[in-house]
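So the chains spell out like this:
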Amino acid sequence: MYLGFITTLQRSKFFNSVTIMCARTSSDMTKFKETLKSAKNVVFLSGAGISAESGIPTFRGDGGFWRKYQASALASPGAFKDSPSLVWEFYHYRRVVAAKAQPNAGHLAVAKYEAKHTPEKTVSVITQNVDGLHSRAGTKNLLELHGNLYKTRCTKCKEVLDNTDNPICEALANRGAPDVNIVGSDIPVKDLPHCKNNKCKGLLRPHIVWFGENLQPEVLEKAGEAMDKCDVCLVIGTSSVVYPAAIYAPQAAARGAIVAEFNLEPTPGTPNFHYYFEGPCGTTLPKALSD
Ligand SMILES: NC(=O)c1ccc[n+]([C@@H]2O[C@H](COP(=O)([O-])OP(=O)(O)OC[C@H]3O[C@@H](n4cnc5c(N)ncnc54)[C@H](O)[C@@H]3O)[C@@H](O)[C@H]2O)c1
Ligand SMILES: [Zn+2]
């Protein structure tokens, strides 16, 4: 299963209404809390919105650009092939921003809920985020669908390694400024991060699932299992347009699981969900998850 924006065909199957963003008022929080109490399998499905209050831009709106480039256009194998230097500068910038950020009240509420209710409930967190903030908040049962900014993969021998070095290589020191007037990127490929295995020495890339690439089968399988058995799913800060995560919650709702959405505004998925809590999830989530 590949990563991509959801197509019209997929939309028509899973969404009753995609063109009309319905006006919807927030649901009854007390009623949702009662439902959550009796749940045995709970899934949190998060997107970039949960990290927005930590100062990490989402891909929608103004935050979706780095220099003159649409961020999603740089998160692609084609962009890396055209200019590994430019894409590494972009990811160096994102690594630095995320490293400086702190988990916010939303991440912390999710981690606290898991710690408090495990093992009496199975609590899973499936995230599209690559910033590592869920695990820094203390979440244990975590599936990172799109990889992690602090992992590299060798383009030759495919070895995946953790890497929190800052900068990740000398040539990237003081690079990655988001200024719109900076054009191109000129770091020679030999100076970009390379595999430390002497027999290989291949070019490293961020261990991120880019648009148009396949998700890791084992992660996909585990996420599918968690979604199949959940009785309550909380969809947090995701625009519900990036496939495959975008179909998880509508599918769960269609088979009878209770789905609650936490977002600043309605999304294409909203009409399919039982509950919708509007507002910054750093405020709404701690309320929904408190006793
Ligand atoms: N933090 C990160 O790791 C990060 C950041 C940007 C993009 N991405 C990647 O970009 C893709 C984008 O998909 P996506 O759906 O995750 O994000 P998105 O950028 O498409 O959508 C973000 C959603 O969050 C909502 N939102 C923003 N601030 C919020 C807040 N404070 N509280 C609640 N909701 C809020 C927005 O209304 C929007 O619906 C994913 O593949 C993801 O991997 C990740
Ligand atoms: Zn290698």
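Reading the values: rules and limits
- Residues numbered from 1 in each chain as written.
- Chains lettered and ligands numbered in written order.
- Predicted model: local features only at pLDDT ≥ 70, side-chain atom pairs only at ≥ 80, totals over all residues.
- Helix = DSSP H or I, 4+ residues; strand = E, 2+ residues; numbered from the N terminus.
- Contact = placed C-beta atoms within 7 Å.
- Pairing = 2+ DSSP bridges.
- Axes fitted to C-alpha atoms, helices over the stretch in contact; angles between N-to-C directions.
- Buried ≥ 20, exposed ≤ 12 C-beta atoms within 10 Å, placed from the backbone.
- Arc of directions from axis to C-beta.
- Near = placed C-beta within 6 Å.
- Nonpolar A, V, L, I, M, F, W, Y, C, P; charged D, E, K, R; others polar.
- Domains from an automatic or database assignment.

## Concerning the overall build of the protein
Inference 1: Per the secondary structure count, the protein includes eleven helices and 13 strands.
Inference 2: Each principal axis of the C-alpha atoms in the protein carries an extent, and together these give about 60 × 40 × 30 Å.
Inference 3: When contacts within the protein are restricted to residue pairs at least 6 apart in sequence, those whose partners lie at least 24 apart make up 72%.

## Looking at the sheet that holds strand E5 (residues 122–127)
Inference 1: Strand order in this open sheet of six strands is E6-E5-E2-E10-E12-E13, and the pairing throughout is parallel. Lying at the two open borders of the sheet, with one neighbouring strand each, are strand E6 (142–144) and strand E13 (275–278). Put simply, the sheet's adjacent strands are angled 15° from each other on average, direction ignored.
Inference 2: Docked against the sheet, helix H7 (residues 105–117) engages strand E2 (41–46), E5 and strand E10 (232–236), running at close to 150° with respect to E5.

## Some points on helix H11 (residues 281–289)
Inference 1: Within the span of H11, buried status applies to Cys281, Thr284, Leu285, Ala288 and Leu289. All buried residues of H11 project into a common sector of 115° when viewed along the axis, lining one side.
Inference 2: At its buried positions, H11 is contacted by helix H2 (29–38), helix H3 (49–52), H7, E10, strand E12 (258–263) and E13.

## Brief notes about the site of ligand 1
Inference 1: Gly47, Gly49, Thr58, Asn129 and Ser239 are the nearest of the 26 residues found near ligand 1.
Inference 2: Taken together, the elements giving at least two residues each to the shell around ligand 1 come down to H3 and E12.
Inference 3: Broken down by element, the residue count for the shell around ligand 1 peaks at three residues, all from H3.
Inference 4: Here the residues of the shell around ligand 1 are counted per class, giving ten nonpolar, twelve polar and four charged.
Inference 5: Built from parts of two domains, the shell around ligand 1 gets at least three residues from each of domain 1 (1–55 + 103–146 + 215–291) and domain 2 (57–100 + 147–208).

## Describing the environment of Val183
Inference 1: Residue placement: Val183 occurs in the loop between strand E8 (160–162) and strand E9 (204–208).
Inference 2: Look at Val183 and you get exposed, because 7 C-beta atoms sit within 10 Å.
Inference 3: A sequence separation of 17 residues divides Val183 from Asn166, and the C-alpha atoms of the two residues are 23 Å apart.

## Considerations on the domain arrangement of the protein
Inference 1: You can read the domains of the protein as domain 1 (1–55 + 103–146 + 215–291) and domain 2 (57–100 + 147–208).
Inference 2: The straight-line distance from the C-alpha centre of domain 1 to that of domain 2 is 28 Å.
Inference 3: In this complex, domain 1 contributes nine residues to the contact, which on the side of domain 2 involves nine residues.
Inference 4: Residue classes in the side of domain 1 that touches domain 2 are distributed as three nonpolar, four polar and two charged.

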